[in-house]
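Summary of the model geometry
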Amino acid sequence: MPGFQTWVAVPLLLTPTTPGCQSTCFLPKFLAAKKGTFREVQSGIQYVSNGNVYVDLKLFNLAAWENLRLSKLNIEATQSDNRITLKNLQSNIAANYFNIVNLQEQLKATQQNARVADTLFQIATQKYQQGLGKPQDVNEAKSNYLNSRETARQVEFLIIQQYNFLKILCDIPDQDSILIGQFINEVETLQMPQVLPNRLEVFNGLMKEKMAWSSYCQARFALLPTVSLFWSNTSQQYNTRSTLFDQDVRWIPSSFLGVKLNWNIPSAQAIAQISKTRYDHSLAKLNTEHLQTKMEIEAKQLSNDYRKAVAQTQTNREVFQLKRDTYTKNLSLYNAGLIGLDQVMNNYNTLVNSHYNLISSTISVLLAEANIALNNNPK
């Protein structure tokens, strides 16, 4: 502790109290000074150096042990959250992957449709040049061809966009290239795959329920007394010189050993915390029951989505074959001059739409199979 200085002003003589008498002032020698002068007075010490070692060993502390258990449960719950996040990421990747497959199939179909539209345009032009067609038919055929070509161009842009999304999801550098070469023509309708219950979210709910119960126990145990064994060892050095830890000054030790009992008086805040944690545990228990029901329903929903996609694909395949047969026959009739171009164009548009529907439903079957696989084998 730094010392301090005090300045004291003392008059040389004192005024006598009785006339004719002179009073003598008995002052300490260090205060003796001439009248109107000051003398420096120093007191205190320059430094007090302390060294302290304190050990507190908890012998009985249920709240601390419960806090340790809560920390372990928190680690397990975090790992469970990460597994759920990973499953959701895999589902997003699967959806993005099959979007690309769907668009690539649509691109092939659109390019094929553009070639068919170009053929219609050439036929309408020839008929017009031969005097057998109307200029309106040529205009309609050409606009249909231009729309088909532009649709193919837009699908190419969408494919590039979906590839960029896939790179973001999979953390793939932009300079790396990706090529997906799956074709839906190779897909066959197989037997319904078995759907197993996915317990990731249920397990996560159980972890949250255990954490809520542990928090409730910790709040209750905080009202119990704690017993500690403690030991303290202190050394002090009073140094009158401007030197820290002076070796010429003796250290004064002080040490003691004992047992300490702490018991917190229950407060309104502590009682309210106990009530809150008990309520949180009740909510966590209800949430676990909800997740159990959700798991069972989601398993049935996956099976239903697969059956729905398969049935839709079978119907769309039959419709596509019928529309293609109708278009082919009406195109022959148009070449023979028996029907107009407008009817052929209507058949062409319905054929294109039925082809797109077949592609989308087939991709839905593949996506349903992927979702079932992710559900049955969570990482």
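Structure: above.
Being a predicted model, the structure only gives us computed values, none of them experimental.

Mapped onto the elements, M192 comes out in the loop between α2 (135-170) and α3 (200-221). When its relative accessible area of 29% is taken as the criterion, M192 is described as partly exposed. Distance in space between the C-alpha atoms of M192 and Y306 is 7.6 Å, their sequence separation being 114 residues.

Once that is clear, we can look at α2. Compared with an ideal rise of 1.5 Å per residue, which puts 36 residues at 52 Å, α2 spans 53 Å between its outermost C-alpha atoms and is within 8% of the ideal. At the exit of α2 stands D171, carrying a positive phi of roughly 55°.

Let's shift gears to the nonpolar core. Grouped together as the largest cluster of nonpolar side chains are 40 residues, with contacts concentrated most on L120, Y327, Y334, L341, V344 and I363. Secondary-structure elements contributing two or more residues to this core are α1 (62-129), α2, α4 (268-335) and α5 (341-376). Broken down by element, this core gets its largest block of residues, 13 residues, from α5. If sequence neighbours within four positions are ignored, Y327 has contacts with V116, L120, V344, N347, Y348 and L351.

Our next topic: unusual backbone geometry. Non-glycine residue D171 carries a positive phi angle of around 55°. Structurally, D171 is set in the loop between α2 and α3. According to the relative accessible area criterion, D171 is exposed, its value standing at 70%.

Parameters and conventions
Residues numbered from 1 in each chain as written. Predicted model: local features only at pLDDT ≥ 70, side-chain atom pairs only at ≥ 80, totals over all residues. Heavy atoms only, no water. Helix = DSSP H or I, 4+ residues; strand = E, 2+ residues; numbered from the N terminus. Buried < 20%, exposed > 50% of the residue type's maximum accessible area, 1.4 Å probe, protein only. Expected span 1.5 Å × (residues − 1). Core = buried A, V, L, I, M, F, W, Y, C linked by side-chain atoms within 4.5 Å. Contact = heavy atoms within 4.5 Å.

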